[in-house]
Amino acid sequence: MSPEVLSQPVVDTVKTPDRAHSRARAARRRRIVVTGARVLLLVAVLGLWEVLSRAEVIDPFNFSMPSKIWDQISTWITHGTAVGSLGEQIWYTLHEALLGWIIGVVAGVVFGIALGRITFLADVLGPYIKVLNSIPRIVLAPIFVIWFGLGPASKVASAVVLVFFPVFFNAFQGAREVDRNLVANARILGAGDRRVTFQVVIPSATSWIFTSLHVSFGFALIGAIVGEYIGATKGIGLLVAQSQGTFNAAGVYAAMVILAAVALVAEGLLTFAERRIFRWKTSGSDH
């Protein structure tokens, strides 16, 4: 065997790490550029908003300005709100949204998988689910306040109905899209309906379900906020209603900023959990 042939694998093993390092450096550079562009865009929008408000090109009374919004948030943090500390209001809303989200996700997954697996149930309940889904669910919030009062139960119910349907339809579709060959092979190996559901269908539908989780938590927050806005004793939605009642535009925007921060944190946690659960996808795509 010639020396050139013997040396060829050595060259490949040297070049492969170099290519990997180059791709990693390019990915890091791209992340830095994207992050920088995001920050610059945010600074530009806030700066333009501040300048136009101070110059009264836009009405500062109705549109407020970033500096006043920051002052409002700082006041809430240091001195609290009219109904208690800011942390208490955030936790009250977050608790309602989390509880409604968990109940809505569990119910959506259970019903979605069940109807996806049992055709008879899907045929019987399908029209009713479509009718319920066509109802604007925000208008149910006043009904829930009448039924359950001003406490957290009415806000949880609002969050549940907003979360249930996107999770249900994704779980249903995921159950219907399972590879039939996998199901057939499982049955050949002696798996019954229960084992097929838990060991084949649910794992296959997990990616569909996680797709809905990203948007459903935002819906849970919306349900809690709308319920609090209509009637509550605590919560961020109540701060929005009070700020609107006193024509405090900065307070309305400040509450929106706080909600956006909570939603971003929740999105980050869901993304982290999804990457941990689906690490096999990432590793598989690298090959």
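Please read all numbers here as calculations on a predicted model, not as lab measurements. (Residues numbered from 1 in each chain as written. Predicted model: local features only at pLDDT ≥ 70, side-chain atom pairs only at ≥ 80, totals over all residues. Heavy atoms only, no water.)

1. Focus: the overall build of the protein chain
Move 1: Helix and strand content of the protein chain: twelve helices and zero strands.
Move 2: Mapped from its N terminus to its C terminus, the protein chain presents α and β elements in the order α-α-α-α-α-α-α-α-α-α-α-α.
Move 3: Buried positions account for 33% of the 287 residues belonging to the protein chain.
Move 4: The long-range share in the protein chain, meaning contacts at least 24 apart out of those at least 6 apart in sequence, stands at 74%.
Move 5: For the protein chain, the accessible area works out to roughly 17,500 Å², and carbon and sulfur atoms hold 69% of it. (Helix = DSSP H or I, 4+ residues; strand = E, 2+ residues; numbered from the N terminus. Buried < 20%, exposed > 50% of the residue type's maximum accessible area, 1.4 Å probe, protein only. Contact = heavy atoms within 4.5 Å. Areas by Shrake-Rupley, 256 points an atom, 1.4 Å probe, with all protein chains shown as cover.)

2. Structural notes on the packing of aromatic side chains
Move 1: Enumeration over the complete set of coordinates arrives at eleven aromatic pairs.
Move 2: Note on Phe168 and Phe169: the rings are 5.1 Å apart at their centroids and 70 degrees apart in plane angle, and the pair reads as edge-to-face.
Move 3: A relative accessible area of 3% means that Phe168 is categorised as buried. (Phe/Tyr/Trp six-rings, centres within 6.5 Å; stacked < 30°, edge-to-face > 60°.)

3. Side note on the nonpolar core
Move 1: Of all hydrophobic cores here, the largest spans 20 residues; its most connected members are Trp101, Val105, Val163, Leu213 and Ala220.
Move 2: Broken down by element, this core gets its largest block of residues, eight residues, from helix H9 (residues 193-230).
Move 3: If we ignore the near neighbours within four places in the chain, the residues touching Ala220 are Ala97, Trp101, Ala159 and Val163.
Move 4: Core analysis: the next-biggest nonpolar cluster, separate from the first, contains 13 residues, Ile69, Trp76, Ala250 and Ala255 among them. (Core = buried A, V, L, I, M, F, W, Y, C linked by side-chain atoms within 4.5 Å.)

4. Description of the confidence of the model for the protein chain
In low-pLDDT segments, the atomic positions of the prediction should not be examined closely.
Move 1: In the predicted model, the protein chain carries a mean pLDDT of 81, and 81% of its residues have values of at least 70.
Move 2: Mean pLDDT across the secondary structure elements of the protein chain bottoms out at helix H12 (residues 279-286), with 49, and peaks at helix H3 (residues 66-79), with 90.
Move 3: Scored below 50 in pLDDT, residues 282-287 shows zero contacts in the model against residues more than four places distant or in partner chains. (pLDDT = per-residue confidence, 0-100.)

5. A short note on unusual backbone geometry
Negative phi values dominate among residues other than glycine, just as trans dominates among peptide bonds.
Move 1: Non-glycine residue Glu56 carries a positive phi angle of around 60 degrees.
Move 2: With respect to the helices, strands and loops of the structure, Glu56 is situated in the loop between helix H1 (3-54) and helix H2 (60-63).
Move 3: The class of Glu56 is exposed, set by a relative accessible area of 61%.
Move 4: Within the chain, Phe247 stands out as a residue other than glycine whose phi angle is a positive 55 degrees.
Move 5: Here Phe247 is to be found in the loop between helix H10 (236-245) and helix H11 (249-277).

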